[in-house]
Amino acid sequence: MERWINSLMDTLGAPGAGIAIALENLFPPIPSEVILPMAGFASATGRIGLLAALLWTTAGSVVGALALYGVGAALGRDRTVAIAAKLPLVKVADIERTEAWFARHGTKAVFFGRMLPIFRSLISVPAGIERMPLPVFLALTTAGSAIWNTAFVLAGYALGDNWAEVTRYVSLYSKAVLVVAVGAVVVFAAVRLFRPGKGVRRSS
């Protein structure tokens, strides 16, 4: 993975880092926590410009998020409800509550979601499903991504040869986020198993 990212930056420069980040949005197993510090280290060694690294990685984040927003918009609410309603332990009422929550907190979710592993990619899909105004989505995604990317690129730039230290600390952060997410799913499943009931489908 590291060799491939290095090769991409050696061949394309800062745009290579942007491409890698765009792919990270679409394929979360490609970790931005590795790509961004590597871009910072490449800047420290003079292989790419620091400002170019910041601009291109943020552009890559926005492009990847837009692709997933498009998936959500193409999927649409009705199709999402139809699919979700067939899943075990999921009820239409749950979807409606999620929609109501997103209507109230969607802007914060998109902004802060850009700083959470895994959710950084996934949050674009409900934004597309709910048809969040595109200018708002772009502004929030750009701002949140710029903060996240700048922190990691600058960390890699400052640490130089020790850039990999960044990934060790972020790995702990990612695991904590994952544990919380799994815990939430377990609680949700337990509530559904012990409090059965039927949701009410919202009329179109």
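Computed from a prediction, not measured in an experiment: that's the story for all the values here.

Enquirer: Please give an account of the overall build of the chain that cites residues and values.
Expert: Along its length, the chain carries nine helices and zero strands. Counting from the amino terminus, helix and strand elements in the chain follow one another as α-α-α-α-α-α-α-α-α. Contacts in the chain between residues at least 24 apart in sequence constitute 76% of all its contacts with a sequence separation of at least 6. When the accessible surface of the chain is summed, it comes to about 11,000 Å², and 71% of that surface belongs to carbon and sulfur atoms.

Enquirer: So what's going on with the packing of aromatic side chains? Residues and values would help.
Expert: The tally for this structure, following the rule as stated, stands at three aromatic pairs. Centroid distance Phe111 to Phe112: 4.9 Å. Interplanar angle 80 degrees. Geometry classified as edge-to-face. Phe111 sits in the buried class, given a relative accessible area of 19%.

Enquirer: Account for the nonpolar core, with residues named and values stated.
Expert: Judged by nonpolar contacts, the single largest core of 31 residues is most densely connected at Met9, Ile48, Val110, Ala127, Met132 and Phe137. Of all elements in the fold, only α1 (2–12), α2 (14–26), α3 (32–44), α4 (50–84), α5 (92–113) and α8 (134–159) reach the threshold of two or more residues within this core. Here this core gets six residues from one element, more than from any other, and that element is α3. Among all residues touching Val110, those that are not within four sequence positions of it are Phe102, Ile123, Ala127, Met132, Phe137, Leu140 and Thr141.

Enquirer: Please give an account of the environment of Ile5 that cites residues and values.
Expert: Relative to the helices and strands, Ile5 resides in helix α1. If near-sequence neighbours (up to four positions away) are discounted, Ile5 is found in contact with Val34, Ile35 and Met38.

Enquirer: Before we move on, can you summarise the side chain of Ser124 with the specific residues and values?
Expert: Mapping Ser124 onto the fold places it in helix α7 (residues 124–129). Judged by its relative accessible area of 1%, Ser124 is buried. Once you skip the residues sitting within four places of it in the chain, Ser124 turns out to touch Ala65, Leu68, Tyr69, Arg114 and Phe137.

Enquirer: Run through unusual backbone geometry, naming residues and quoting values.
Expert: We note that Arg131 has phi near 55 degrees; this positive angle belongs to a residue other than glycine. In this structure Arg131 comes out as exposed when scored by relative accessible area, which is 54%.

Enquirer: I'd love a proper account of the packing of α1 against α2, names of residues and values included.
Expert: At a closest axis distance of 6 Å, the pairing of α1 and α2 adopts a crossing angle of 140 degrees. In terms of their interaxial angle, α1 and α2 are classed as oblique. Within the contact between the two elements, α1 uses Trp4, Leu8, Met9 and Leu12 and α2 uses Ala14, Pro15, Gly16, Ala17, Ile19, Ala20 and Leu23.

Enquirer: Residues and numbers for the packing of α3 against α8, please.
Expert: Two numbers describe a pair of packed helices, the interaxial angle and the distance between the axes. Running from amino to carboxyl end, α3 crosses α8 at an angle of 50 degrees, the nearest separation of the two axes being 6 Å. Between α3 and α8, the angle falls in the class oblique. Of the two possible hands of crossing, α3 and α8 adopt the one that is right-handed. Only Trp148, Asn149, Phe152, Val153, Gly156 and Tyr157 of α8 make contact with α3, whose side of the interface consists of Ser32, Glu33, Leu36, Pro37, Gly40, Phe41, Ser43 and Ala44. Split by residue class, the contact of α3 with α8 holds eight nonpolar, five polar and one charged.

Calculation criteria
Residues numbered from 1 in each chain as written. Predicted model: local features only at pLDDT ≥ 70, side-chain atom pairs only at ≥ 80, totals over all residues. Heavy atoms only, no water. Helix = DSSP H or I, 4+ residues; strand = E, 2+ residues; numbered from the N terminus. Contact = heavy atoms within 4.5 Å. Areas by Shrake-Rupley, 256 points an atom, 1.4 Å probe, with all protein chains shown as cover. Phe/Tyr/Trp six-rings, centres within 6.5 Å; stacked < 30°, edge-to-face > 60°. Buried < 20%, exposed > 50% of the residue type's maximum accessible area, 1.4 Å probe, protein only. Core = buried A, V, L, I, M, F, W, Y, C linked by side-chain atoms within 4.5 Å. Axes fitted to C-alpha atoms, helices over the stretch in contact; angles between N-to-C directions. Parallel < 35°, antiparallel > 145°, perpendicular 65-115°, else oblique. Left-handed = near helix turned anticlockwise from the far one by under 90°. Nonpolar A, V, L, I, M, F, W, Y, C, P; charged D, E, K, R; others polar.

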